[in-house]
Amino acid sequence: MQCPNCGNNNAPGAKFCQNCGYNFSTGKKKGPWLYILLVIGALVVLYSGFFAYKAVTNQTASAPTKQVVSSKKETSSSKAKKKESSSEKESSTAVESSSEREKASSTSVETASSSSQEASSAPASTGIVAGQTTTWSTNPNGNGDEELLVIQGTDSVLMSHNTAGPSGTMMHSDGTFTIENVSAGGTRFFVMDREIVLGEVMISGNTLTLNQQGQVRTYYLKHRS
């Protein structure tokens, strides 16, 4: 079925165009309401944060400052004692500030080191890569019936299914199909049978979903080579 909006060929009986989202029943294209709502929500959060920051700043600026007014009738000896006491307090405050800066610097170094270790230990992206073969199964335990996807680089997908029986597991090939429109770092693409869209694939971590005209199957990473 060819889309009148973008010309993409879709599977017979499809309700929406896999390429542009054109609705074959109503003759309309899906509206971008979700994106509009997301933008409005982001603006509300930004404005709320801005006004909260302004409120805190105004409160800090308007807070009364306590000042100690010396009496004109103080003697010179009393003033000298107060100056000495003030100097001691300033010295103590300077020492405390220096200690706090050293602690903050140490915390920053530890945080940076921790972030570096987390980044180095994070798993590599599972998006499809040229020259790499990955096998995905609907049965993470590997026992009994299962459906398999063998993704060969960025070119083709081999679909098959295994059926468990008294004499063992029988493998049945469903065909080899091409990969088109790879995006999102290799984590999203379409499976094509010549010019017909069989389904859309999305990969997240070690999980893969195949959407075939609204029927969604979940696969789990079994092998990578």
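Summarised in this report is the structure supplied together with it. (Residues numbered from 1 in each chain as written. Predicted model: local features only at pLDDT ≥ 70, side-chain atom pairs only at ≥ 80, totals over all residues. Heavy atoms only, no water.)

Describing a nonpolar patch on the surface
Then comes step 1: A cluster of nonpolar side chains, V39, L43, L46, Y47, F50 and F51, forms an exposed patch at the surface whose accessible area comes to about 670 Å².
Then comes step 2: The topology assignment puts V39 in helix α1 (residues 33–62). (Patch = residues over 30% accessible without salt bridge, like charges linked within 9 Å, V, L, I, M, F, W, Y side chains within 5 Å. Areas by Shrake-Rupley, 256 points an atom, 1.4 Å probe, with all protein chains shown as cover. Salt bridge = Lys/Arg side-chain N within 4 Å of Asp/Glu carboxyl O. Helix = DSSP H or I, 4+ residues; strand = E, 2+ residues; numbered from the N terminus.)

Points about the side chain of E146
Then comes step 1: As for its placement among the helices and strands, E146 is situated in strand β2 (residues 146–152).
Then comes step 2: For E146, the side chain forms a polar contact with the side chain of S137, separated by 2.4 Å.
Then comes step 3: If we skip the residues at most four places from it in the chain, E146 touches S137, T138, N139, H161, N162 and K222. (Polar contact = N/O pair within 3.5 Å; in protein donor to acceptor, adjacent residues only side chain to side chain. Contact = heavy atoms within 4.5 Å.)

Focus on the pattern of salt bridges
Then comes step 1: Per the counting criterion, the structure on display carries 3 salt bridges.
Then comes step 2: For K222, the salt bridge identified is with E146, shortest N-O distance 3.4 Å. Remark: E146 occurs in strand β2 and K222 occurs in strand β8 (residues 215–224); sequence separation between them is 76 residues.
Then comes step 3: Accessibility expressed as a relative area gives 46% for K222, which makes it partly exposed.
Then comes step 4: Overall, E146 belongs to the buried group, its relative accessible area being 6%.
Then comes step 5: Here E147 and R217 are joined by a salt bridge, their closest N and O atoms 3.2 Å apart. (Buried < 20%, exposed > 50% of the residue type's maximum accessible area, 1.4 Å probe, protein only.)

Brief notes about the nonpolar core
In summary, soluble globular proteins display a tendency toward joint burial of nonpolar side chains.
Then comes step 1: If you look at the biggest cluster of nonpolar residues, it comprises 15 residues, and the most contacted ones within it are I151, V157, F189 and L208.
Then comes step 2: Contributing elements (two or more residues each) for this core: β2, β3 (156–165), β4 (168–183), β5 (188–193), β6 (196–204) and β7 (207–212).
Then comes step 3: Excluding anything up to four places from it in sequence, L208 contacts W136, L149, I151, V201, M202, I203, R217, T218 and Y219. (Core = buried A, V, L, I, M, F, W, Y, C linked by side-chain atoms within 4.5 Å.)

Re the packing of aromatic side chains
Then comes step 1: Applying the stated criterion across every chain, the model contains 1 aromatic pair.
Then comes step 2: Considering the side-chain rings of F50 and F51, the 5.6 Å spacing of their centres and the 65° angle between planes classify their relative orientation as edge-to-face.
Then comes step 3: Taking relative accessible area as the criterion, F51 reaches 54% and is therefore assigned exposed. (Phe/Tyr/Trp six-rings, centres within 6.5 Å; stacked < 30°, edge-to-face > 60°.)

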